[in-house]
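Below, each chain spelled out in residue letters.
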Amino acid sequence: MTYGRLLIASLLLPIGALAQWLNYPEPGIPRLKDGKANLSAPAPRTADGKPDLTGVWAHERTPIAEFKRIFGSAYEAESKAALIGMELEVVHKYGYNVLLDLKPGEATLRPEGEAAMKRRAAERRVDNVCHGEYGWPVASLLAEPFKIVQAPKETVILYEVDGLHRQVFTDGRQFPATFEFPAYLGYSTGRWEAGTFVVETRGFNDRTPLDALGHPRSEAMHVTERFSRRDFGHLDTEMTFDDPRMYTQKFTIKVAYELVPDNDIFEMFCGQNEKDRAHMVK
């Protein structure tokens, strides 16, 4: 299956515009002389001295040169075929293929993983534009931003994509021995290691892939994230995926995000003003 087909099948959704609170001057943001946010200022901190991750974040753009390396001679055609708001270049490269940068001999699919990937490709429907089963991490790797709200006992991550949300509990709770209700976004607990927020997530279901290419996950998947706010305007993240049912080894990706100051996320309902399905090839 080509990337072009994947883009149509997996990423063809009505895209929410930027936030409804456009250019609202948020109090507390350090400013340059021209009034713009000073993204290089020191990271803000909470009352207890921890870095405050609160903010609206968008992934750093993958360079065009990198997309040309990935797509080769197909780049120009793929780029021109994209719809407005869903241009090829607004999706992070790991949103297409989470295993893209792994070297030979690193994590590969087990037979169970290969079978799951083939099964998903066979079941894919091109007219299913509002499938309602977007997962993670792809929700933070598309065109839409996401928002972090940090509180003392819980940190909430709000995704513009499909209105998804995650709760990361920092109240000391432990994971149960078994998960009675495996979830699309799993169950998350967090802790601080110096200036890094470490999030452990388990209890996933197997309903959503990790990327547009369809790399699968199982209910055994365990993800460890590390969030570090480098300065006021930059958030560095690292995600380590451990799924012994689907992959031969753990694998890690790193994604940097930039603050979207003076804005907020927008509500998103796929069916609102949706006009694509009627024109899809059956």
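Up top is the structure these notes are about.
All figures in this text were calculated on a predicted structure; none of them were measured in a lab.

Novice: Just checking my understanding: could you explain the overall build of the chain for this structure?
Specialist: From N to C terminus, the chain includes 5 helices and 9 strands. Secondary structure elements of the chain, listed N to C terminal, follow the sequence α-β-α-α-α-α-β-β-β-β-β-β-β-β. Each of the 282 residues in the chain was classed as buried or not, and the buried ones make up 46%. Restricting the contact set of the chain to residue pairs at least 6 apart, pairs at least 24 apart contribute 63%. Accessible area of the chain: about 14800 Å², with a carbon and sulfur share of 54%.

Novice: Sorry, what's going on with the sheet that holds strand E7 (residues 222–231) here?
Specialist: Each strand in a sheet pairs with another by means of backbone hydrogen bonds, the pair being arranged parallel or else antiparallel. One closed barrel accounts for 9 strands, arranged E1-E2-E3-E4-E5-E6-E7-E8-E9; its pairing is mixed. Here the strands of the sheet are splayed against their neighbours by 30 degrees on average, with no regard to which way each runs. Bridging between E7 and strand E8 (residues 234–242) involves 9 bridges; their strand directions are antiparallel. Bridge pairing in E8 places Phe227 opposite Thr237.

Novice: Can you help me understand helix H5 (residues 111–123) in this one?
Specialist: An α-helical turn contains 3.6 residues, so any two residues separated by three or four positions project in the same direction. Look at H5: 18 Å from first C-alpha to last across 13 residues, which is about the 18 Å you get at 1.5 Å a residue. Within the sequence span of H5, burial applies to Gly113, Ala116 and Met117. Looking down the long axis of H5, one finds its buried residues gathered within 100 degrees of arc, a one-sided arrangement. In H5, those exposed residues whose orientation departs by more than 90 degrees from the buried face are Pro111, Lys118, Ala122 and Glu123.

Novice: How should I be thinking about the nonpolar core in this particular structure?
Specialist: Where a protein is soluble and globular, its nonpolar side chains tend to be buried together. Grouped together as the largest cluster of nonpolar side chains are 52 residues, with contacts concentrated most on Ile148, Phe227, Phe241, Tyr247 and Phe251. At 5 residues, strand E9 (residues 251–259) tops the list of elements feeding residues into this core. Not counting the four nearest positions on each side in its chain, Phe241 is found in contact with Val98, Pro137, Leu210, Met221, His222, Val223, Gln249, Lys250, Phe251 and Ile253.

Novice: Would you take a moment to explain the pairing of strand E3 (residues 154–159) for this structure?
Specialist: Along a regular strand, successive side chains alternate from one face of the sheet to the other. Burial along E3 is one-sided: the face carrying Thr155, Ile157 and Tyr159 is buried and the face carrying Glu154, Val156 and Leu158 is not. Hairpin remark: strand E2 (residues 146–150) followed by E3, antiparallel, with 3 residues in the connecting loop. Here 5 bridges tie E3 to strand E4 (residues 165–169), and the two strands are oriented antiparallel to one another. Looking at E4, one finds that Val156 is bridged to Gln167. The antiparallel pairing of E3 with E4 creates a hairpin that spans 5 residues between the two strands, and Asp162 there sits at a positive phi of about 60 degrees.

Conventions adopted
Residues numbered from 1 in each chain as written. Predicted model: local features only at pLDDT ≥ 70, side-chain atom pairs only at ≥ 80, totals over all residues. Heavy atoms only, no water. Helix = DSSP H or I, 4+ residues; strand = E, 2+ residues; numbered from the N terminus. Buried < 20%, exposed > 50% of the residue type's maximum accessible area, 1.4 Å probe, protein only. Contact = heavy atoms within 4.5 Å. Areas by Shrake-Rupley, 256 points an atom, 1.4 Å probe, with all protein chains shown as cover. Pairing = 2+ DSSP bridges. Axes fitted to C-alpha atoms, helices over the stretch in contact; angles between N-to-C directions. Expected span 1.5 Å × (residues − 1). Arc of directions from axis to C-beta. Core = buried A, V, L, I, M, F, W, Y, C linked by side-chain atoms within 4.5 Å.

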